[in-house]
Amino acid sequence: MTISLTAPAISTRAVRKSFGEHIVLDGVDLTVAEGTILALLGPNGAGKTTMVRILSTLIPADGGDIRVGGHDVVTDPDAVRALIGVTGQFSAVDNLLTGEENLRLMADLRHLGRQAGRRRIAELLERFGLTGAARKPLSTYSGGMRRRLDLAMTLVGDPSVIFLDEPTTGLDPRSRRTMWQIIRELVTDGVTIFLTTQYLDEADQLADYVAVLDHGRIVAEGTPVELKGRIPGGHIQLQFAEPAALRAALSMIPNATPDDDQLILQVPGDGSVASLRRVLDKLDDARITVEHLSIHTPDLDDVFFAVTGHATTEPTTRQEEEALQP
Amino acid sequence: MTSLAYTFADSATMLRRNLKHQLRYPSLTLMLAGFPIVFLLLFVYVFGGQLGSGLGGRGAYLTYVVPGILIITVASAALGTAISVATDMTGGIIDRFRTMAISRGAVLTGHVIGSLLQTLAVLVLVAGVSLAIGFRPHASALEWLAAAGMLTLFAFALIWLSAALGLAAKSVETASNTPMFLTLLPFLSSAFVVTATMPAGLRQFAEYQPFTPVTQTVRGLLIGGPIGAHAIAAIAWSIGIAVVSYLWAVRLYNRRRAAGPN
């Protein structure tokens, strides 16, 4: 990252938090430059939501230095609250009001005034595709609409730092894409975004910088490209029609892993066209026929395996045993 | 704007929100009004003949019982506060409010004032039904006003208590149960029968618990009779309950929830 002269939008040092005996955050250091998106990536239970709750002044940390917009969250929470907007993974909307009334409530609490409030509400309804449903009760809203309204409510006060806690969890693929588009547009307006996600592709799509959280510690960080470069999970998968072809191919590509039962050969690679061409050329030269080919790109499991040595979900003993069977 | 002006504006916003809830979903308000009206009719037409035999008949019992019914109206209307506060606290919106620079206390003030207005509306409705079935108090306008003031002050106290119980509850179900004792207490007071008819231990409890002086004060104002010490006790109880409940509620509200790891 380049060194910026302005203060970072978010900076934390040695953040610790436990719930009883359970240590959730164990010394988290993070810096988010103004106008960028940081994705905090991690499986369920890694401590992502706890981090958001601490940064957004909802719960106190047990220790550490936490600043948002230069303000200390402990000594000056109201200054932080005036800057931030939070959209959590559980919708923070008033179910007994209409969409428009929810936005009106936010405008009033931000003291926007009647005229300015009305303008802002109309603009947000339009931008989030909710104009048609503005006067309908929230019971008629779909999951995607609720999430959009939730984010619209967060934006009423023009926050300069936005926390999005798993903003697309539980959404269908289309709503997810819409959400991504909205998030991208926010950053072009100069807003800083702190995003948590369990999806690598989401971090890849949106983030300038990714930090991987596991068991309360940052285990890897970097740009998405840097991070993926460090992950050996990518490979080409070749499927053959007969065992002889598999054996022949394996003799050509010794670093590949064969699966004799399914007649599959896994060839590690970075997923580039050049490496793919090399593999195919070799097979072509030896006149080996490949039935089916697929390219496997690294996913969160691969990231986790690479940086933590364990998978995102703890495998059961039985599965491990089976995996070890010859 | 000054911070006082912000406090006022935010509380007004929260009040509007709560009134909107009440208007959009009137079933809770109707339930809160229905309960004392059913009690009124039950006590006057089913039990009234018997209970009024020592007072001069059903009509005399109606006169006796209406102040008690107004008190139980206040108690039952306060139940709604615990439910609406708990519903809010268990939903996601409260976390949003907590991450905004909203004046401290505005959320609770909105609930309490909203409930108070709801209680007053229900009281008007119940008083209307009482008048319709023959309640004829001899009170002057000033006495009516004083009775309304007493009921409002007592309602304010019970609503803060109910708000604190709603905050203390872990779920909406619990919140709808814990303040139930408020609707039981009027039965153990002078609201429905004269305390002199009760056995010694119960009579003592009835005479010293807050519902009796409040009932006696309202009764004295509306249909005549001695008030004196009752009014002082009633006002002292109301202020005491309000202050203690307010402090408890604010403390519960400010206690940051350290809910689970995620």
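Residues numbered from 1 in each chain as written. Chains lettered and ligands numbered in written order. Predicted model: local features only at pLDDT ≥ 70, side-chain atom pairs only at ≥ 80, totals over all residues.

### Looking at the overall build of chain B
- On a plain count of helices and strands, chain B comes out with twelve helices and zero strands.
- In chain B, the succession of helices and strands from N to C terminus is α-α-α-α-α-α-α-α-α-α-α-α.
- The C-alpha extent of chain B, read off along each of the three principal axes, is 65 × 40 × 35 Å.
- In chain B, which comprises 262 residues, the share counted as buried stands at 44%. (Helix = DSSP H or I, 4+ residues; strand = E, 2+ residues; numbered from the N terminus. Buried ≥ 20, exposed ≤ 12 C-beta atoms within 10 Å, placed from the backbone.)

### Re the overall build of chain A
- Across its full length, chain A holds twelve helices and 14 strands.
- The burial tally for chain A puts 41% of its 326 residues in the buried class.
- Contacts in chain A between residues at least 24 apart in sequence constitute 68% of all its contacts with a sequence separation of at least 6. (Contact = placed C-beta atoms within 7 Å.)

### Structural notes on the nonpolar core
- Formed by 85 residues in total, the largest nonpolar core has its most connected members in Leu70(B), Val74(B), Leu158(B), Trp160(B) and Ala163(B).
- For this core, the leading source of residues is helix 4 (residues 58-90) of chain B, giving 19 residues.
- Dropping the residues within four chain positions of it, Ala163(B) is found in contact with Thr81(B), Ala82(B), Val85(B), Leu108(B), His111(B), Val112(B) and Ala249(B).
- Ile37(A), Met51(A), Ile84(A) and Leu200(A) belong to the second-largest nonpolar core, a separate cluster that totals 46 residues. (Core = buried A, V, L, I, M, F, W, Y, C linked by C-beta atoms within 7 Å.)

### Focus: the confidence of the model for chain A
All names here are of chain A.
- Predicted confidence across chain A gives a mean pLDDT of 85, with 89% of residues reaching 70 or more.
- Ranking the elements of chain A by mean pLDDT puts helix 12 (residues 317-324) last, at 37, and helix 3 (residues 99-109) first, at 96.
- Long-range and interchain partners of residues 314-326, a stretch whose pLDDT sits below 50, account for one contact in this model, where long-range means more than four residues apart. (pLDDT = per-residue confidence, 0-100.)

### A word on the interface of chain B and chain A
- Every contact between the two is made by 24 residues of chain B and, on the other side, 31 residues of chain A.
- For the side of chain B that touches chain A, the secondary-structure elements that each account for two or more residues are helix 1 (3-24) and helix 5 (93-98) of chain B.
- At eight residues, the largest contribution of residues to the side of chain B that touches chain A is made by helix 1 of chain B.
- Taken together, the residues that form the side of chain B that touches chain A break down as ten nonpolar, six polar and eight charged. (Nonpolar A, V, L, I, M, F, W, Y, C, P; charged D, E, K, R; others polar.)

### Some words on the sheet that holds strand 13 (residues 264-268) of chain A
All names here are of chain A.
- Taken in spatial order, the four strands line up as 12-13-11-14 in an open sheet, and their pairing is antiparallel. With partners counted over all chains shown, the strands left at the sheet margins are strand 12 (257-259) and strand 14 (292-296), one partner each. On average, adjacent strands in this sheet sit at an angle of 20° to one another, irrespective of strand direction.
- Inspection of the sheet shows strand 11 (residues 235-239) paired to strand 14 by five bridges, in the antiparallel sense. Counted as the bridge partner of Gln 239 is His 292 from strand 14. (Pairing = 2+ DSSP bridges. Axes fitted to C-alpha atoms, helices over the stretch in contact; angles between N-to-C directions.)

### Thoughts on the domain arrangement of chain A
- Under the domain assignment used here, chain A contains domain 1 (10-229) and domain 2 (235-324).
- One C-alpha centre belongs to domain 1 of chain A, the other to domain 2 of chain A, and the line joining them spans 38 Å. (Domains from an automatic or database assignment.)

### Details of the packing of helix 6 (residues 106-132) of chain B against helix 7 (residues 141-168) of chain B
All names here are of chain B.
- The contact between helix 6 and helix 7 brings their axes to 10 Å, and the two run at 135°. Between helix 6 and helix 7, the angle falls in the class oblique. As helix 6 packs across helix 7, the resulting crossing turns out to be right-handed. Judged by residue contacts, Leu 108, His 111, Val 112, Ser 115, Leu 116, Thr 119, Leu 120 and Leu 123 of helix 6 engage Leu 151, Thr 152, Ala 155, Phe 156, Ile 159, Trp 160 and Ala 163 from helix 7.
- Here the residues of the contact of helix 6 with helix 7 are counted per class, giving eleven nonpolar, four polar and no charged. (Parallel < 35°, antiparallel > 145°, perpendicular 65-115°, else oblique. Left-handed = near helix turned anticlockwise from the far one by under 90°.)

### Examining the pairing of strand 2 (residues 22-32) of chain A
All names here are of chain A.
- In this structure, strand 1 (residues 10-19) lies alongside strand 2, joined through eight bridges in antiparallel fashion. Each bridged residue has a counterpart across the sheet, and for Thr 12 the counterpart in strand 2 is Leu 30.
- In this structure, the hairpin formed by strand 1 and strand 2 is closed by a connection of two residues, where Gly 20 is found at a positive phi of approximately 65°.

### A word on the environment of Met150(B)
Residue and element names in this part refer to chain B.
- Examined against the element boundaries, Met 150 turns out to sit in helix 7.
- Along the chain, Met 150 and Val 214 lie 64 residues apart, while their C-alpha atoms are 7.4 Å from each other.
- In this structure, Met 150 is in contact with Val 214, Thr 217, Val 218 and Ala 234, ignoring residues within four places of it in sequence.

### What about the pairing of strand 13 of chain A?
Residue and element names in this part refer to chain A.
- Alternating residues of strand 13 divide into Leu 265 and Val 267, all buried, and Ile 264, Gln 266 and Pro 268, none buried.
- Pairing of strand 11 with strand 13, which is carried by five bridges, proceeds in the antiparallel orientation. The residue of strand 13 that forms the bridge with Gln 237 is Gln 266.
- In terms of strand pairing, strand 12 meets strand 13 through three bridges, oriented antiparallel. Following the sheet pairing, Thr 257 is matched in strand 13 by Gln 266.
- Linkage of strand 12 to strand 13, two consecutive antiparallel strands, is achieved through a turn of four residues, within which Leu 263 is found at a positive phi near 60°.

### Some points on the confidence of the model for chain B
Residues and elements named next belong to chain B.
- Residues at a pLDDT of 70 or more form 97% of chain B, whose mean pLDDT is 91.
- Segment residues 258-262 is flagged for pLDDT under 50; beyond a separation of four residues in sequence, or across chains, it makes 13 contacts in the model.
- Taken over the whole predicted complex, pTM reads 0.81, whereas the ipTM for its chain interfaces reads 0.85.

### A word on unusual backbone geometry
All names here are of chain A.
- Of note in this structure, Ala 14 is not a glycine but carries a positive phi near 55°.
- Mapped onto the elements, Ala 14 comes out in strand 1.
- The exposure class assigned to Ala 14 is partly exposed, which follows from the 14 C-beta atoms found within 10 Å.
- With a phi close to 45°, His 215 is a non-glycine residue in the positive phi region.
- What makes His 215 partly exposed here is the crowd of 16 C-beta atoms within 10 Å.

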